[in-house]
Amino acid sequence: MLKFHRAVLHHILMTLKTPFAASSGSTFDREFIIVELQDKDGVIGWGECSAFSSPWYTEETTKTAWHMLEDFLIPIVFENHIEHPENVSSLFRTIKRNNMAKAAIEEAVWDVYAKRNNSPLASVLGGKKRKIEVGAAVGIQQSEKELLHTVERYVNEGYKRIKVKISPGMEDKILSPIRSHFPMLPLMADANSAYTLEDLAQLKKLDQYDLLMIEQPLAADDIFGHAVLQKELNTPICLDESITSYRDAKQAIEQKSCQIINIKVSRVGGLTEAKRIHDLCKEHQLPVWCGGMLDSGIGRAHNIAISTLDHFIIPGDTSASSRYWVHDLITPEVTMVDGCIEVPEKPGIGYEVNREQLKRFTLCSKVFKNTFNVNY
Ligand SMILES: O=C(O)CCC(=O)C1=CC=C[C@@H](O)[C@@H]1C(=O)O
Ligand SMILES: [Mg+2]
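Residues numbered from 1 in each chain as written. Chains lettered and ligands numbered in written order. Predicted model: local features only at pLDDT ≥ 70, side-chain atom pairs only at ≥ 80, totals over all residues. Heavy atoms only, no water.

## Brief notes about the packing of aromatic side chains
Thought 1: Using the criterion set out here, one finds eight aromatic pairs in the structure.
Thought 2: Plain terms: the ring middles of Phe 32 and Trp 325 are 6.2 Å apart, the flat faces sit at 70° to each other, and that makes the pair edge-to-face. Pair noted here: Phe 32 is in strand S2 (residues 25-39) and Trp 325 is in the loop between helix H11 (297-307) and strand S12 (330-331), with a separation of 293 residues, a long-range link. Neither residue differs from the other here; Phe 32 and Trp 325 are each classed as buried.
Thought 3: Seen from their ring centres, Phe 52 and Tyr 57 are 6.2 Å apart, and the 80° between their planes marks the pair as edge-to-face. (Phe/Tyr/Trp six-rings, centres within 6.5 Å; stacked < 30°, edge-to-face > 60°. Helix = DSSP H or I, 4+ residues; strand = E, 2+ residues; numbered from the N terminus. Buried < 20%, exposed > 50% of the residue type's maximum accessible area, 1.4 Å probe, protein only.)

## So, the site of ligand 1
Thought 1: Close to ligand 1 lie 17 residues; Lys 165, Asn 192, Lys 264, Leu 294 and Tyr 324 are nearest.
Thought 2: In the model, an oxygen atom of ligand 1 is placed 2.8 Å from a nitrogen or oxygen of the Asn 192 side chain.
Thought 3: At a separation of 3.3 Å, an oxygen atom of ligand 1 approaches a polar backbone atom of Met 293.
Thought 4: Contact with the protein chains covers 100% of the free accessible surface of ligand 1, which is 400 Å².
Thought 5: Its residues assigned to classes, the shell around ligand 1 shows eight nonpolar, two polar and seven charged.
Thought 6: Lining the shell around ligand 1 are residues from two domains, each supplying at least three of them: domain 1 (4-118 + 353-369) and domain 2 (123-352). (Near = heavy atom within 4 Å. Polar contact = N/O pair within 3.5 Å; in protein donor to acceptor, adjacent residues only side chain to side chain. Areas by Shrake-Rupley, 256 points an atom, 1.4 Å probe, with all protein chains shown as cover. Nonpolar A, V, L, I, M, F, W, Y, C, P; charged D, E, K, R; others polar. Domains from an automatic or database assignment.)

## Quick word on the sheet that holds strand S15 (residues 362-369)
Thought 1: Here four strands make up an open sheet; going across it, the order is S3-S2-S1-S15 and the pairing antiparallel. Strand pairing shows two members of the sheet lacking a second neighbour, strand S3 (44-49) and S15, which therefore form its edges. Averaged over all pairs of adjacent strands, the angle between their axes in this sheet comes to 20°, without regard to strand direction.
Thought 2: Two strands pair when backbone bridges link them, and strand S1 (residues 4-22) and S15 are joined in this way by seven bridges, in the antiparallel orientation. If you follow Val 8 over to S15, its bridge partner there is Val 367.
Thought 3: Its contacts with the sheet put helix H3 (residues 99-116) on S1, S2 and S3, and the angle it makes with S3 is roughly 155°.
Thought 4: Helix-sheet contacts for H11 involve S2 and S3, and the interaxial angle to S3 is about 100°. (Pairing = 2+ DSSP bridges. Axes fitted to C-alpha atoms, helices over the stretch in contact; angles between N-to-C directions. Contact = heavy atoms within 4.5 Å.)

## A look at the domain arrangement of the chain
Accessible area lost when the parts come together is the quantity often used to give the size of an interface.
Thought 1: Domain parsing of the chain yields domain 1 (4-118 + 353-369) and domain 2 (123-352).
Thought 2: Centre-to-centre, using C-alpha coordinates, domain 1 lies 22 Å away from domain 2.
Thought 3: Each partner contributes residues to the interface: domain 1 has 42 residues there, and domain 2 has 48 residues.
Thought 4: Carbon and sulfur atoms make up 66% of the surface buried where domain 1 meets domain 2, a total of about 3700 Å² over both sides.
Thought 5: Together, Lys 17, Phe 20 and Tyr 57 form the three largest contributors to the area buried by domain 1 at its contact with domain 2, with a combined 18%.
Thought 6: Inspection of the domain 1/domain 2 interface yields zero salt bridges. (Buried area = accessible area lost by both parts, 1.4 Å probe. Salt bridge = Lys/Arg side-chain N within 4 Å of Asp/Glu carboxyl O.)

## As for the pairing of S2
Thought 1: Most of S2 is tucked away, with 11 of its 15 residues classed as buried.
Thought 2: Here 14 bridges tie S1 to S2, and the two strands are oriented antiparallel to one another. The residue bridging His 11 from the neighbouring strand is Ile 33, located in S2.
Thought 3: Hairpin connection, S1 to S2: the antiparallel pair is bridged by two residues.
Thought 4: The pairing of S2 with S3 spans six bridges and is antiparallel. From the neighbouring strand, Val 35 faces S3, where its bridge partner is Gly 47.
Thought 5: The hairpin formed by S2 and S3 contains four residues between the paired strands, and Gly 42 there has a positive phi angle of roughly 90°.

Right, dumping it as structure tokens:
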């Protein structure tokens, strides 16, 4: 039985090495909420809230997530005796959506649980892989030269596949030079919902680039539109923003809206739901991979753990810490060799949180003590 005694929310700000540009805007500085959760015996677990500063990717923001955590989610976790981390999401069922806030605290519960069992998080989730294959995501670049240079750098570093951001009207400018310079490169494009079915002719032209997939071409709530589009394209559609739950994944599979799903722990509300979606996709032989959220080391550690499940068969976006950060929050930092990240063997997330770095990045933090009838 898990009983939590104390929680700390850390509002942190980290500056990306280089800005990351997508069809809907650029990220320079990355705000996070880090959740630190302590049980009655002093075991500490960590989770990361991936919501951005503004609601461009999902409706959540750092501020809304803080409100959810402080006023609803922490009290629920304090109030209840939790038998297993798999039960946390059902405790949250009276709170609509707000998946990134939910995921942050659910991750911390999983970390405590794994540490109490003296096991790596990957193992308690059922993962068997000792290392995971990874790719790199490349934002929209200023020039063709910069684009090719960036792609070449990540290819040379060993990343197993490259994902590029595209936006309407820019497809050929971005994809054509990459294809001519790297004809065999496993390449995919992410549109972050920038297209509509009116752009069908433009989207059909993507087939010439032999992409592994086109990620989230249409609106997040358009599962039906993606089914219409998939019938017209040879390129497999991968859904990202559209999949916020097991039910969304089931619908997308039934409607044939996609051939691949990008599972992001934060977007689906936590590790338990991520695992359920993984299992469903495995049952339907629909490949999955683990997406990234420009994560700090804590989010990265959770992504590594979930990626050890056997049906994560496409290299994910979980790159090395140094891809985005001069200094990460964790020790050791995440490193990549020959396109692979070794899964840590220590209990829980398997990395130590570097308190000094955490303090350096902290804008403010708030401590919550459990005052709900605690008899221990
Ligand atoms: O963390 C990474 O390396 C992946 C970055 C990435 O592609 C994304 C992060 C966050 C929002 C989007 O821009 C995007 C995505 O849609 O997958
Ligand atoms: Mg995406």
